[in-house]
Amino acid sequence: MRRGPGGEASLRRRRGPARLWVALAALATGTIWLCSSSSVGLFGALYRVQDVDVNKLWRTAHSNGWRASSAPRTYWPPPPTESESSGYLRVRCNGGLNQQRSAICNAVVAARIMNATLVLPEIDTNSFWHDESGFVGIYDVPHFIKRLKYDVRIVMSIPEITANGKTKKLKAHQIRPPRDAPVSWYATVALEKMKKYGAVYLTPFSHRLAEDIDDPELQRLRCRVNYHALRFKPHIMKTSSEIVNKLRSEGHFMSIHLRFELDMLAFAGCIDIFTPHEQKILLKYRKEHFAEKLLIPGERRLIGKCPLTPEEVGLILRAMGFDNKTRIYLASGELFGGKRFMKPFKAMFPRLENHSTVGPGKLEENTQGLAGSAVDYMVCLLSDIFIPTYDGPSNFANNLMGHRMYYGFRTTITPNRKALAPIFIDRAQGRSTGFEQRIRQVMFNTHFGGPHKRIHPESFYTNSWPECFCQTNARNHADRCPPDNINDVLESQFQSEEEMEEARTTNQTDSTGQTEELMI
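What you see is a predicted model, and the numbers here were worked out from it, not measured in a lab.

**Some details on the overall build of the chain**
Thought 1: The number of helices and strands found in the chain is 21 helices and 14 strands.
Thought 2: Expressed as a percentage of its 520 residues, the buried residues of the chain come to 49%.
Thought 3: Long-range contacts, defined here as pairs at least 24 residues apart, represent 77% of the contacts in the chain between residues at least 6 apart.
Thought 4: Counting every atom, the chain has about 26600 Å² of accessible surface; 53% of that belongs to carbon and sulfur.

What follows is the structure, given as structure tokens:
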């Protein structure tokens, strides 16, 4: 049983047996209340080392009766018809696969706010990935449009318009949105430009809509896009499924996202463990790609800003109780520093795989650029355990943690790098007494992917609880699950709106015809 700060000292001061029993009873009552109350976000009531059986981590985290649900809880009007639309919204999503994924979600929400028609989002694949597959090459477009038919109107491109007898394509007015722009910016500045020009083009469009939105229905729309509408193309899903089936044919498997890569190490400023030549490479990359800033490697490591090394990841797993038979899928780009950093990890955990070693024949032909990252994403999503080694600005790790929560609170083990840093520093300096026990104290002090309160700077895409979840036996009315037939309800509303629109059009036509007859 855990006591709050000073709890034990307070009990020692209360020498009388009666007072002691009263205090214990009150503490027990408070603990039960904390665990059972649906209004408190700390359901992960932290685990004690002696209570954790590492074999149980292969199961999903405790949900406390919560389940995923991004369906609207209130009346949700259908999107505007062509004649009702405020105009057309174009966006260009930049960055890696998951940064673009978040941007697509934001684009749909922005279109909803502006009552606009969304043009299929553009994704910048060439500059980062050096491929030109685009949205249509990565995602299932018909599925995307169909799943969002109750939310936004989506078209493949801006249509042509006819003016003065000439037909030409409507030109979108380009705007650079402010970073983390509030809902009000889209409802005023952007909307005003859209009504003036008929279409606007927002570029760049990464992190251009604030994550903290007061309207829970807009937040649930983000989840509908992210977890329901955005589905990879069939060949990517097939490849991912084949890999997962092969891995799981021999039992459980975990996935690890190793962010021990050139760009992230340079960004973090963690160069002290590398050779002088490697340090020059890191410093050169940092100077060319990131803003100038004085970073002291030792201090960065101490405050948890350095990605874990492969060896550190292995030591953590071994301390937690995972043995060398554990099957591990590695999702990562090219690791910086080569084989010497992977060698100790492989010695501890030899059953390592990636999409090249475990995938079906000719896999590489289908997993270049964004597609390869998409396969890694799906395998990590479906793995029994997922371990991100660096969740700082890593959109891949952050989005996966949120998706795994939504997918049924699948176990995620998130190393607290700041708490682990002094333990690894002590070991490097020869002070290794109690090393594994100290590691376990840190690693088992977590929620393992269960529902928990979102605290800044945790992203909404990392933790969409409680907006995109409901509780089966909720005491709080706001937490109750909506009807299972919510899509039928929305379909009925959608059809009713269409019928009303047809009736209005028919009435206008009849009225015009009667007027013409009267004039004749």
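**Thoughts on helix H11 (residues 276–289)**
Thought 1: With 14 residues, H11 should cover 20 Å at 1.5 Å per step; its first-to-last C-alpha distance of 20 Å lies within 8% of that length.
Thought 2: For H11, every residue scored as buried is listed here: Glu278, Leu282 and Arg286. What you see down the axis of H11 is that its buried residues fit within an arc of 75 degrees, all on one side. Exposed side chains of H11 directed beyond 90 degrees from the buried face belong to Pro276, His277, Lys280, Lys284, Lys287 and Glu288.
Thought 3: Here the buried face of H11 lies against helix H10 (262–268) and helix H14 (339–348).

**Topic: the packing of aromatic side chains**
Thought 1: This model, assessed by the stated rule, comprises 21 aromatic pairs.
Thought 2: Between Phe274 and Phe336, the aromatic rings sit 5.2 Å apart at their centres with planes inclined by 65 degrees, giving edge-to-face as the arrangement. Taken as a pair, Phe274 in the loop between H10 and H11 and Phe336 in the loop between strand E11 (328–331) and H14 lie far apart in primary sequence, 62 residues in all. Like Phe336, Phe274 is buried.
Thought 3: One cation-aromatic arrangement involves Arg224 over Trp76; the distance from NZ or CZ to the ring centre is 5.2 Å.
Thought 4: Positioned above the aromatic ring of Phe435, the side-chain terminus of Arg427 is 5.5 Å from the ring centre.

**Comments concerning the sheet that holds E11**
Thought 1: The strand order E12-E11-E10-E13 describes an open sheet built from four strands, whose pairing is parallel. Strands with a single pairing partner mark the edges of an open sheet, and in this sheet they are strand E12 (352–353) and strand E13 (385–388).
Thought 2: Bridge count for E11 against E12 is two bridges, and the pairing is parallel. Bridging across to E12, Ile328 finds its partner in Leu352.
Thought 3: Running over the sheet, helix H18 (residues 395–406) touches strand E10 (254–257), E11 and E13 and is turned about 150 degrees from E13.

**Re the state of the cysteines**
Thought 1: The full count for this structure, using the stated rule, is three disulfides.
Thought 2: The disulfide that involves Cys470 links it to Cys481, with 2.1 Å between the sulfurs. As the torsion about the S-S bond is roughly 90 degrees, the Cys470-Cys481 disulfide counts as right-handed. In this pair, Cys470 is assigned in strand E14 (residues 469–471) and Cys481 in the loop between E14 and helix H21 (486–519), connecting sequence segments 11 residues apart.

Rules used in this analysis
- Residues numbered from 1 in each chain as written.
- Predicted model: local features only at pLDDT ≥ 70, side-chain atom pairs only at ≥ 80, totals over all residues.
- Heavy atoms only, no water.
- Helix = DSSP H or I, 4+ residues; strand = E, 2+ residues; numbered from the N terminus.
- Buried < 20%, exposed > 50% of the residue type's maximum accessible area, 1.4 Å probe, protein only.
- Contact = heavy atoms within 4.5 Å.
- Areas by Shrake-Rupley, 256 points an atom, 1.4 Å probe, with all protein chains shown as cover.
- Expected span 1.5 Å × (residues − 1).
- Arc of directions from axis to C-beta.
- Phe/Tyr/Trp six-rings, centres within 6.5 Å; stacked < 30°, edge-to-face > 60°.
- Lys NZ or Arg CZ within 6 Å of the ring centre and 35° of its normal.
- Pairing = 2+ DSSP bridges.
- Axes fitted to C-alpha atoms, helices over the stretch in contact; angles between N-to-C directions.
- Disulfide = S-S within 2.5 Å.

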